[in-house]
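# Fold and geometry: a report
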Amino acid sequence: MNQFEELYAEFSMMLEKAATAADVAQVKADFVGKKGRVNDIMKGLKDMGPEERKTLGAASNSLKERIIAEIDRFLEDLERRQIDERLSRDWIDVTLSDAVLDKGLSSAGYHPLSLVQREVEDIFISMGFDILDGPHIEDDYHNFEALNIPANHPARDMQDTFWFADLHHLLRTHTSPIQVRGMEAHKPPFKFVGPGKVFRNEALDASHEACFHQIEGMMVGEDISVAHMIHFLKTLLSNIFKREIKVRLRPGYFPFVEPGFELDYECLLCGGKGCSVCKQVGWVEALGCGMVHPRVLEYGRIDPLVHNGFAFGLGLDRLTMMRYGIDDVRHLQDGDLRFVSQFKAY
Ligand code: FA5
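The present account deals with the structure reproduced in this document.

### Some points on helix H11 (residues 316–324)
- For H11, the buried fraction is high: 7 of the 9 residues fall into the buried class.
- For H11, the set of buried residues is Leu316, Asp317, Arg318, Leu319, Thr320, Met321 and Met322.
- Contacts from the buried residues of H11 go to helix H6 (112–126), strand E5 (211–221), helix H9 (226–241), strand E7 (257–266), strand E8 (283–292) and strand E9 (308–315).
- Of the residues one or two after H11, Gly325 is the one with positive phi, at around 65°.

### Here's the deal with the site of the ligand
- Taken together, the neighbourhood of the ligand is formed by 25 residues, with His174, Ser176, Arg200, Glu202 and Glu209 sitting nearest.
- Within the side chain of His174, an N or O atom sits 2.9 Å from a nitrogen atom of the ligand.
- Note that an oxygen atom of the ligand is positioned 2.9 Å from one of the side-chain N or O atoms of Arg200.
- Top element by residues in the shell around the ligand is E8. It accounts for 5 residues.

### Thoughts on the packing of H9 against H11
- In the contact formed by H9 and H11, the axes pass within 10 Å of each other and the chain directions differ by 40°. In terms of their interaxial angle, H9 and H11 are classed as oblique. Along its contact with H9, which presents Leu237, Ile240 and Phe241, the element H11 presents Leu319, Met322 and Arg323.

### Description of the side chain of Glu138
- Tracing the sequence through the fold places Glu138 in strand E2 (residues 137–139).
- Since its relative accessible area comes to 2%, Glu138 is described here as buried.
- At 2.8 Å, the side chain of Glu138 forms a polar contact with the side chain of Arg181.
- Apart from residues lying up to four places away in sequence, Glu138 is in contact with Asn143, His168, His169, Leu170, Arg172, Pro177 and Arg181.

### Let's talk about the packing of helix H3 (residues 37–44) against helix H4 (residues 50–89)
- At a closest axis distance of 10 Å, the pairing of H3 and H4 adopts a crossing angle of 170°. Viewed along their axes, H3 and H4 adopt a mutual orientation that is roughly antiparallel. Here H3 contributes Val38, Asn39 and Met42 to the contact with H4, which in turn contributes Gly57, Ser60, Asn61, Leu63, Lys64 and Ile67.
- Classifying every residue of the contact of H3 with H4 by side-chain character gives 4 nonpolar, 4 polar and 1 charged.

### Quick look at the pattern of salt bridges
- One pass over the full model with this rule turns up 20 salt bridges.
- Among the ionic pairs, Asp90 bridges to Arg89, the shortest N-O distance being 4.0 Å.
- It is possible to trace a salt-bridge network through shared partners that takes in Arg248, Arg250, Glu262, Asp264 and Glu285.

Quick notes on the rules
- Residue positions within a chain follow its written sequence, with the count starting from 1.
- pLDDT decides what is reported in this predicted model: residues at 70 or higher carry local features, side-chain atom pairs at 80 or more are listed and counted, and totals for whole chains, interfaces and linings draw on all residues regardless.
- Side-chain numbers come from the whole structure's heavy atoms, not from hydrogens or water.
- Partly exposed residues are those whose accessible area sits between 20% and 50% of the maximum for their type, while under 20% is buried and over 50% is exposed, using a 1.4 Å probe and protein chains only.
- A helix here means a DSSP run of H or I that spans at least four residues, while a strand means a run of E at least two residues long, and both kinds are numbered starting from the N terminus.
- We call two residues in contact whenever any of their non-hydrogen atoms come within 4.5 Å of each other.
- We call a residue near a molecule or strand whenever a single non-hydrogen atom of that residue lies within 4 Å of it.
- We call two N or O atoms a polar contact when they sit within 3.5 Å, provided that within protein one can donate a hydrogen and the other can accept it, with sequence-adjacent residues counted only if both atoms are side-chain atoms.
- For every element, the axis is a line fit to its C-alpha atoms; helices are fit only across the contacting stretch, and the angle between N-to-C directions ranges from 0 to 180 degrees.
- Here the angle decides the label: under 35 degrees means roughly parallel, over 145 means roughly antiparallel, 65 to 115 means roughly perpendicular, and every other value means oblique.
- Basically, the charged four are Asp, Glu, Lys and Arg, the nonpolar ten are Ala, Val, Leu, Ile, Met, Phe, Trp, Tyr, Cys and Pro, and anything else, Gly included, counts as polar.
- The salt bridge criterion pairs a side-chain nitrogen of Lys or Arg with a carboxyl oxygen of Asp or Glu, the two atoms within 4 Å.

Below you can see the structure in the form of structure tokens.
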């Protein structure tokens, strides 16, 4: 019987030294494995008398059970210790400010276009506008026809379109189809803005991208006037720039508005002196706008004798450039982290 106690003591000593699960597996094999020490004793039982064999057999079985139970307990303990150790090493205090995190870990940030888009949305939300969305892949009807641009109308050439092979679907060339979808979904009075990506097969330069961003706006009700439109656009610009900036409104042609206007900013990059962004003219086109054409209201199943409204389509990339003094629209989407990481705060 002493032999069992000695074996158990030896086992305990070996187990205490085990640092990993592999060490424990080795101890287990050495003591209770097929070729282990306890089995060696059991093999010796066959040469003994029946009484002795019975007592020693029971004792070696119970030793084996004790050892296995001890190993299981040790493994559980080992796992818990390893988890505790990892937790004390790998942790992050999510309440730390950006300033502290920036010393070692980098935190995610917003793209300048998203920052400006959110600012514009917040300003319109505060004035009671809803936010609508629309698909990037549009059909001819929503992008052109319902906006009073029938097939073969020369205005289709104003925007170079990426068509799909079926010649019926296209990548939307402006956010104006959101007007059509807005009218389909809502009864007047309503007012909403709809931001998003738009696509045109354009020659690229400092102020022209092929994939850029607009935010559409539309308000329909009774007795809406150009004065309402100017009020909302002025409120937008003074909130975004937080100071008076020079703008000019001039007549502009869009088949879906009448009368139509274009609004320009004085180029904030050169102060109006002339640069590559404003093509040396001192002004940058900000948006197109006007009073919704009666035919467009009819396409939206709104009676133009009862209701009228205004709409605008604002270029978000150029607004972002003016807001942050960015001198080339192509910086916005070339994926250079050194550029985007300058804009983090909201
Ligand atoms: C339109 O897209 C009309 N849908 C706007 C509109 C809506 C008029 C509702 C009336 C009523 P335009 O093509 O001018 O219009 O584009 C509007 C604005 O998008 C421009 O003023 C400019 O700020 C911006 N923009 C146009 N083309 C580009 C481009 N290639 N890259 C970056 N911004 C552009």
